[in-house]
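Chain residues, written in single-letter form:
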Amino acid sequence: MNKKKIYTIAGISAALVLSVILLIIKPTILVYGIQRAGIYAAIALPMALVLGIVHIVNLAHGEMMMVAAYLSYFICTTFGLDPLVAAIPTGIIMFFLGLIVFKTSIAHTLEAPELNQLILTFGVAMVLSQTVNLIATSQPRKISLDYVSASATIGEVSFGIYDFIFPALAAVFLAVLIYFLKKTRIGKAASAVGQNPRGARIVGINVDLTYTIIFSLASMIIGVFGSFFITKFSIFPAVGGTFTMKSFALVAMAGIGNLPMVIGASLVLGLAESLVMSVPHGAGWTPMIFFGLIIIVILSRSFRSKQ
Amino acid sequence: MSSTVQKNKTWPVIFGIVGVIVIILPFFTGPYVQSIGRTVITYMILAISWDMLIRSGQLSFGLAGFFGLGSYAAVLSAVNLHFNPFVSILFAAVVAGLMAFLVGAVVLRLRGMYFAITTLALGEIFRIIIHNWTSVTGGPNGKLLPKLAFDGASIPTYAMMVVFALVIIALSEYFKRSKIHYALTAIRDNEIVAKSSGINIYKYLLIAFTVTAAIQGAAGAGFAQLYGFVTPESSFNANYTLIPLAMALLGGMYSTWGPVIGAVLLGVLGEFLKLYIPYGHLVVYGIIIILVLLFMPQGIVGMAGKLLKKGESHE
């Protein structure tokens, strides 16, 4: 427990130092970095809940976000809603979609070896992205909104205001999740189930219900995020894949089960990426940051656990 | 499992028939069917290589990475070093194998999802480097191959891929019968027991990882020879990971014939579906992965083995 705290403090202070340096050298990088970090944190938090608290490996995470974005897109174009309003119906639909996905497939692999769960959710990811491909084709889609392009200027730095909605969203998600895990009955049960499913069953916790609710809740959060995602980015069936990887990397980096640290990990990734992007010809190399980071994090964690 | 296959007289007959069909196929059909055959065989080789590694319990998502690496190694060596097409395929196998050996030394300490995700990330790193290293690799536009194997003639290239597949099948069977197989199975079943009984887990994993990556690299090189060009998007396509995985699962994991049967069935089905559903025909593959995992974890070969056994005991 103490070690965790030390890592958290070290991580946060590293991010802070990096931010201050950037603020002095080139504030634009800092602003863009924080906005990017918000997107990463918002999508990684539901995975942190599923993977970190109840230990379900879901390789269809990014694809569920993609499906939610498409849902929101069709709700908006059909009923003329604003995506930010459509977040509510999308979230509700995604809750039930998550429920269906969990009950029909993932629930059957909880007792099986980890390998089965990996391959299974990989199959789920494929079904989701290919079904969307089948229905909507691979043509990119986008919703144009006026308020998204609003910008502000402080000193010599001008930047989009709207993009700060993602850090705000991440903060809301984090607050909701922490409240849920600490204060509600099912949230407390989830922590117990994650630590020891058999023990939890013995003391009378409805383990199956807990898994189902956690997974559906995470799907709902992804649904809300999907609606926000469509306001800013164009969507296509393969858009989700990288987010599965990024979320996984961030959760691994933050430490399994450490929700607040996801924000810190996202900040490190977001700032580093925006730093590389600002270098001439750097844009093509940005993904290297992330893949390099994921390998370093995974390897260092596995070596530490061996010692 | 393997004992039922060996004892049973039905299997050699089935494979004999399939083998004859494969060999006479090019003489009765046009180039279109031959090109489908080459594609299916490429996937079959990938599926077998994936299976050879999963026998140790290590799930690799790095197929597309080594496949792309191999295809680029072949094309670049042919362009810059004027390698003969066949030498370039061998060269690609060596490059992919060497790369797997180097990264495997570190990565093979990981297990389960960490190994899977890291292999996926490695493949992406290869792609990004090749995508951005424009002066050497041609960047997003890729490279053209100056001279194809057999000048791209349909029947000889088809024959080349059949021979390649036979070599890989033989190699996989050798793996199944050799000491390596027992070591890898022991690792999958219980790593701690395997370790305490004196098996050098790390060595055997490294051998398996290197060999399978070399196969994937050679498959990529062979594919580049068939199509005559490479681009980051086509050579590192995620399909080269997804499709072989589905094939091996459907046919039956942990065997040689499972991936072979899965590749023939799914490969032909996939080409057929592609004609009618150009977008999203791969949804079938995803559904098959899910259904097989939930209801038929041993795949077709496992199921057939069980049924045949039942039939015998009734006699």
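Not measured: the values here are computed from a predicted model.

What counts, and where the lines are drawn
Residues numbered from 1 in each chain as written. Chains lettered and ligands numbered in written order. Predicted model: local features only at pLDDT ≥ 70, side-chain atom pairs only at ≥ 80, totals over all residues. Heavy atoms only, no water. Helix = DSSP H or I, 4+ residues; strand = E, 2+ residues; numbered from the N terminus. Rg over C-alpha atoms; globule rule 2.2 N^0.38 Å. Contact = heavy atoms within 4.5 Å. Areas by Shrake-Rupley, 256 points an atom, 1.4 Å probe, with all protein chains shown as cover. Lys, Arg positive; Asp, Glu negative; His and termini not counted. Charge placed at Lys NZ, Arg CZ, Asp CG, Glu CD. Polar contact = N/O pair within 3.5 Å; in protein donor to acceptor, adjacent residues only side chain to side chain. UniProt positions renumbered as here; feature names shortened; annotations may be inferred. Patch = residues over 30% accessible without salt bridge, like charges linked within 9 Å, V, L, I, M, F, W, Y side chains within 5 Å. Salt bridge = Lys/Arg side-chain N within 4 Å of Asp/Glu carboxyl O. Buried area = accessible area lost by both parts, 1.4 Å probe. Axes fitted to C-alpha atoms, helices over the stretch in contact; angles between N-to-C directions. Parallel < 35°, antiparallel > 145°, perpendicular 65-115°, else oblique. Left-handed = near helix turned anticlockwise from the far one by under 90°. Nonpolar A, V, L, I, M, F, W, Y, C, P; charged D, E, K, R; others polar. 1 Å grid on protein atoms, 1.4 Å probe; cavity = no way out; pocket = protein on both sides within 12 Å on 5 of 7 lines; lining within 4 Å. Points joined across faces, edges and corners; volume = space filled by probe spheres on them. Buried < 20%, exposed > 50% of the residue type's maximum accessible area, 1.4 Å probe, protein only. Phe/Tyr/Trp six-rings, centres within 6.5 Å; stacked < 30°, edge-to-face > 60°. Lys NZ or Arg CZ within 6 Å of the ring centre and 35° of its normal. Core = buried A, V, L, I, M, F, W, Y, C linked by side-chain atoms within 4.5 Å.

1. Quick notes on the overall build of chain A
For step 1, the next point in the chain: What chain A contains, in helices and strands, is 12 helices and two strands.
For step 2, the next point in the chain: Counted from the first residue to the last, chain A has its helices and strands arranged as α-α-α-α-α-β-β-α-α-α-α-α-α-α.
For step 3, the next point in the chain: Over its C-alpha atoms chain A spans a radius of gyration of 19 Å, differing by no more than 12% from the 19 Å that the globule rule assigns to 307 residues.
For step 4, the next point in the chain: Here the analysis covers contacts within chain A between residues at least 6 apart in sequence; of these, 76% occur between residues at least 24 apart.
For step 5, the next point in the chain: As displayed, chain A has an accessible area near 13,600 Å², and 69% of this comes from carbon and sulfur atoms.
For step 6, the next point in the chain: One finds the centroid of the 19 positive side-chain charges in chain A at a distance of 12 Å from the centroid of its 9 negative side-chain charges.

2. A look at the side chain of A:D163
Residue and element names in this part refer to chain A.
For step 1, the next point in the chain: Here D163 is to be found in the loop between strand 2 (157-160) and helix 6 (165-183).
For step 2, the next point in the chain: In terms of polar contacts, D163 uses its side chain to reach the side chain of K232, at 3.4 Å.
For step 3, the next point in the chain: Setting aside chain neighbours within four positions, we find D163 in contact with Q35 and K232.

3. A look at the UniProt feature "transmembrane region" (unreviewed entry) in chain B
Residues and elements named next belong to chain B.
For step 1, the next point in the chain: If you check UniProt for "transmembrane region" (unreviewed entry), the listed places come out as residues 12-29, 61-83, 89-108, 115-133, 153-171, 204-230, 242-270 and 282-305 in our numbering.
For step 2, the next point in the chain: A helix fraction of 95% and a strand fraction of 0% characterise residues 89-108, whose end C-alpha atoms lie 26 Å from each other.
For step 3, the next point in the chain: Helix makes up 95% of residues 115-133 and strand 0%, with an end-to-end C-alpha separation of 27 Å.

4. Quick notes on a nonpolar patch on the surface
For step 1, the next point in the chain: Judged by side-chain polarity, A:V17, A:V20, A:I21, A:L23, A:I24 and A:I25 come together as a nonpolar surface patch covering roughly 600 Å² of accessible area.
For step 2, the next point in the chain: Turning to its location among the elements, A:I21 is positioned in helix 1 (residues 2-25).

5. Considering the interface of chain A and chain B
For step 1, the next point in the chain: With 39 residues of chain A in contact, the opposing surface of chain B contributes 39 residues.
For step 2, the next point in the chain: Where chain A abuts chain B, roughly 3,600 Å² becomes buried across the two surfaces, and 86% of that area is made up of carbon and sulfur atoms.
For step 3, the next point in the chain: Among the residues chain A hides against chain B, the three largest losses belong to A:I119, A:F122 and A:M126. Together they make up 18% of the total.
For step 4, the next point in the chain: Counting across the chain A and chain B interface gives zero salt bridges.
For step 5, the next point in the chain: The interface formed by chain A and chain B includes one residue pair in polar contact (both at pLDDT 80 or more).
For step 6, the next point in the chain: Put simply, the parts of the chain that give the side of chain A that touches chain B at least two residues each are helix 5 (114-136), helix 10 (241-254) and helix 12 (286-306) of chain A.

6. Focus: the packing of helix 3 (residues 61-79) of chain A against helix 10 of chain A
Residues and elements named next belong to chain A.
For step 1, the next point in the chain: Remark: helix 3 packs on helix 10, axes separated minimally by 6 Å, with the N-to-C direction vectors making an angle of 130 degrees. If you check the angle between helix 3 and helix 10, you find them oblique. Crossing angle aside, the handedness with which helix 3 passes helix 10 is right-handed. For the pair helix 3 and helix 10, the contacting residues are H61, G62, E63 and M65 in the first and G241, F243, T244 and S247 in the second.
For step 2, the next point in the chain: Looking at the contact of helix 3 with helix 10 residue by residue, the classes come out as two nonpolar, five polar and one charged.

7. Some points on empty space enclosed by the protein
Residues and elements named next belong to chain A.
For step 1, the next point in the chain: Taken as a whole and assessed by the stated rule, the structure comprises one cavity of 30 Å³ or more.
For step 2, the next point in the chain: The computed volume of the largest cavity comes to approximately 30 Å³.
For step 3, the next point in the chain: Lining the largest cavity are V50, N58, H61, M64, F215, A218, S219 and I222.
For step 4, the next point in the chain: When residues of the lining of the largest cavity are traced back to their parent elements, those giving at least two are helix 3 and helix 9 (207-232).
For step 5, the next point in the chain: With four residues, the single largest contributor to the lining of the largest cavity is helix 9.
For step 6, the next point in the chain: By residue class, the composition of the lining of the largest cavity is five nonpolar, three polar and no charged.

8. A few points about the environment of A:F290
All names here are of chain A.
For step 1, the next point in the chain: Considering the arrangement of structural elements, one finds F290 in helix 12.
For step 2, the next point in the chain: Its relative accessible area of 2% is what places F290 among the buried residues.
For step 3, the next point in the chain: Linking F290 and K188, residues 102 residues apart in sequence, is a C-alpha distance of 33 Å.
For step 4, the next point in the chain: Apart from the residues within four sequence positions on either side, F290 is in contact with M245, K246, A249, L269 and E273.

9. Observations regarding the side chain of B:T210
All names here are of chain B.
For step 1, the next point in the chain: The residue T210 is located in helix 11 (residues 201-227) in this model.
For step 2, the next point in the chain: A relative accessible area of 19% means that T210 is categorised as buried.
For step 3, the next point in the chain: Among the polar contacts made by the side chain of T210, one reaches the main-chain carbonyl oxygen of L206 at a distance of 2.7 Å.
For step 4, the next point in the chain: With residues near it in sequence (within four places) discarded, T210 still touches G97, A100 and F101.

10. Re unusual backbone geometry
All names here are of chain B.
For step 1, the next point in the chain: Unlike most non-glycine residues, H82 shows phi in positive territory, near 55 degrees.
For step 2, the next point in the chain: Following the sequence through the fold, H82 ends up in the loop between helix 4 (63-80) and helix 5 (85-107).
For step 3, the next point in the chain: Although it is not a glycine, Y254 adopts a positive phi angle of roughly 65 degrees.
For step 4, the next point in the chain: Relative to the assigned elements, Y254 resides in the loop between helix 13 (239-251) and helix 14 (257-276).

11. Some words on the packing of helix 3 of chain A against helix 4 (residues 83-104) of chain A
All names here are of chain A.
For step 1, the next point in the chain: Between helix 3 and helix 4, whose axes approach to 9 Å, the crossing angle comes to 130 degrees. Taken together, the axes of helix 3 and helix 4 lie oblique to each other. Between helix 3 and helix 4 the crossing geometry is right-handed. Packed against helix 3, whose contacting residues are M64, V67, A68, L71, S72, I75 and C76, the element helix 4 presents P83, A86, P89, T90, I93, M94, L97 and G98 at the interface.
For step 2, the next point in the chain: Classifying every residue of the contact of helix 3 with helix 4 by side-chain character gives 12 nonpolar, three polar and no charged.

12. A look at the packing of aromatic side chains
Residue and element names in this part refer to chain B.
For step 1, the next point in the chain: Tallied over the full model, the rule gives 24 aromatic pairs over all chains.
For step 2, the next point in the chain: When the ring centre of Y202 is taken as reference, the NZ or CZ atom of R109 above it lies at 4.9 Å.
For step 3, the next point in the chain: Over the aromatic face of Y254 sits the side chain of R188, whose NZ or CZ is 3.7 Å from the ring centroid.

13. Points about a positive patch on the surface
For step 1, the next point in the chain: A cluster of like positive charges, contributed by A:K182, A:K183, A:R185 and A:K188, occupies part of the molecular surface.
For step 2, the next point in the chain: Elements with a minimum of two residues in the positive patch: helix 6 and helix 7 (185-195) of chain A.

14. Focus on the nonpolar core
For step 1, the next point in the chain: In terms of nonpolar packing, the biggest core is built from 193 residues, with A:I119, A:F225, A:I294, B:I45, B:W50 and B:L59 touching the most fellow members.
For step 2, the next point in the chain: For this core, the element with the highest residue contribution is helix 11 of chain B, accounting for 15 residues.
For step 3, the next point in the chain: Beyond its immediate chain neighbours, meaning those up to four positions away, B:W50 contacts A:I119, B:L59, B:S60, B:L63, B:Q216, B:L245, B:A248 and B:M253.

15. Section: the UniProt feature "transmembrane region" (unreviewed entry) in chain A
For step 1, the next point in the chain: Per the UniProt annotation, the sites labelled "transmembrane region" (unreviewed entry) are residues 6-25, 37-58, 88-106, 118-136, 157-181, 213-236, 248-272 and 284-303 of chain A.
For step 2, the next point in the chain: Measuring from the first to the last C-alpha atom of residues 157-181 of chain A gives 40 Å, for a span that is 68% helix and 16% strand.

16. Points about the environment of A:S105
For step 1, the next point in the chain: For A:S105, the location among the structural elements is in the loop between helix 4 and helix 5.
For step 2, the next point in the chain: Spatially, the C-alpha atom of A:S105 lies 22 Å from that of A:I135, the residues being 30 residues apart in sequence.

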